[in-house]
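Geometric and topological summary
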Amino acid sequence: MDANPTLDQLQVFLAVADAGSFSAAARQLNRAQSVVSYTIGNLEGQLGVSLFARNGTRQSLLTDAGRAMLSDARRIVSDLQVMRAKAHSMVQGLEPELSVAISVMVPMGATLSILRDFQQRFPTVSLRIEVGELGRIMELVTNGRASIGIGGALLEQEDSLTVDKIGHNFLLPAAAADHPLAKLGRTLTLADVREETQIVVSDASNLTAGRDFNVLSYKTWRVSDMATKHQLIRGGLGWGGLPASVLREDLRKGRIVHLDVPAYEQGSYTLYAIRKTATPPGPAAAWLIEAFRDKLSNCPAPDSNMSFSPQLIMEKVAASL
């Protein structure tokens, strides 16, 4: 019959190995030394190897086999402890796993800061993250692939969803510093941008299929994600709208410039927390939503009297990072 060590046997094995002797381990475990010796003897019998060298000294030295088994024992005990923690968390109502859809419009600095805190607070919760554009966030929540969505374009209100405004980012038209539009050095008319290539993200969501947002040019290059769009614009291959949080470093270093295009609907881009109404968030999801709200509310929507100058926008975006 295959050996089947118990958790107790492995824990005693680790205690003896760490303490250096059977007697020291017995004191730590509050057990008689004879019980510790008996437990190790049974474990050695099951495994068919000697774990400690009995040489008559007070110290218990690991054999070669014992050293080989030590890391396995630590891993098994650690895995069982994680399993116990997950079971305890589920009894307490904590989610064992959480799936989150995050919009590319959410500043990455804010996301990283929040996820670091999440990892510390909820070490037993597995996290699955999907990143999307426009209506993709709402679609992922609607079809159940994400428990909560952060960001997204609210195209229509659905009764099955609970949607809360939690903050803002800003969308700015931009081009590389050496792009023809940037070299004009003035407010751009619709005629100015019509003949220039505009880089546009094609949303994978069925919610926005066939719909264009802020597309002004006759010639477009369509890409699947915001990161590719950013690189193409920075490479001088076209112009287009980019999140202020993405542009921040490029604007500072002069690689990309903000374009003054009145026809382009620039400015505040509302970010939402989206979830199914029928499935209220558990402790981890609720904490995550509030953490994003706290972070993103530092970048408030401008009021009607506020200028959309790039400098002011960058200051507000920096506050959310």
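Below you will find a few notes about this structure. None of these values were measured; they are calculated from a predicted model. (Residues numbered from 1 in each chain as written. Predicted model: local features only at pLDDT ≥ 70, side-chain atom pairs only at ≥ 80, totals over all residues. Heavy atoms only, no water.)

1. Here we look at the overall build of the chain
Tallying secondary structure elements over the chain gives 12 helices and 11 strands in all. Per-residue burial over the chain gives 43% buried out of 321 residues. Within the chain, contacts between residues at least 6 apart in sequence are counted, and of these 71% link residues at least 24 apart. Of the accessible surface of the chain, which amounts to about 16,600 Å², a share of 50% is contributed by carbon and sulfur atoms. (Helix = DSSP H or I, 4+ residues; strand = E, 2+ residues; numbered from the N terminus. Buried < 20%, exposed > 50% of the residue type's maximum accessible area, 1.4 Å probe, protein only. Contact = heavy atoms within 4.5 Å. Areas by Shrake-Rupley, 256 points an atom, 1.4 Å probe, with all protein chains shown as cover.)

2. Focus on the environment of L94
Among the secondary structure elements, L94 is positioned in the loop between α4 (64–91) and β3 (97–103). Taking the C-alpha atoms as reference points, L94 and T124, separated by 30 residues in sequence, lie 9.1 Å from one another.

3. Focus on the pattern of salt bridges
If charged atoms from side chains of opposite charge come close, those side chains can pair. Taken as a whole and judged by the stated rule, the model has 13 salt bridges. The partner of D8 in a salt bridge is R31, with the nearest N and O atoms 2.5 Å apart. Taken together, the residues D8 in helix α1 (residues 7–19) and R31 in the loop between α2 (22–29) and α3 (33–47) connect sequence positions 23 residues apart. We classify R31 as partly exposed; its relative accessible area is 32%. In this structure, the salt-bridge partner of E97 is R128, at a minimum N-O distance of 3.2 Å. Taken together, the residues span a long stretch of sequence, with E97 in strand β3 and R128 in strand β4 (residues 126–132) at a distance of 31 residues. Look at R128 and you get partly exposed, because its relative accessible area is 37%. (Salt bridge = Lys/Arg side-chain N within 4 Å of Asp/Glu carboxyl O.)

4. Here's the deal with the side chain of T39
Mapped onto the elements, T39 comes out in helix α3. Residue classification places T39 among the buried positions, given a relative accessible area of 9%. Among the polar contacts made by the side chain of T39, one reaches the main-chain carbonyl oxygen of V35 at a distance of 2.8 Å. Beyond its immediate chain neighbours, meaning those up to four positions away, T39 contacts D8, Q9 and V12. (Polar contact = N/O pair within 3.5 Å; in protein donor to acceptor, adjacent residues only side chain to side chain.)

5. Focus: the pairing of strand β7 (residues 198–201)
Taking every second residue as pointing to the same face, both faces of β7 are buried, with Q198 and V200 on one and I199 and V201 on the other. Bridge count for β7 against strand β8 (residues 220–223) is 4 bridges, and the pairing is parallel. Bridging across to β8, Q198 finds its partner in T220. (Pairing = 2+ DSSP bridges.)

6. A closer look at a nonpolar patch on the surface
Nonpolar side chains collect at one region of the surface, where I76, L80 and M83 lie side by side and expose about 260 Å² of accessible area between them. Take I76: its relative accessible area is 34%, and that puts it in the partly exposed class. (Patch = residues over 30% accessible without salt bridge, like charges linked within 9 Å, V, L, I, M, F, W, Y side chains within 5 Å.)

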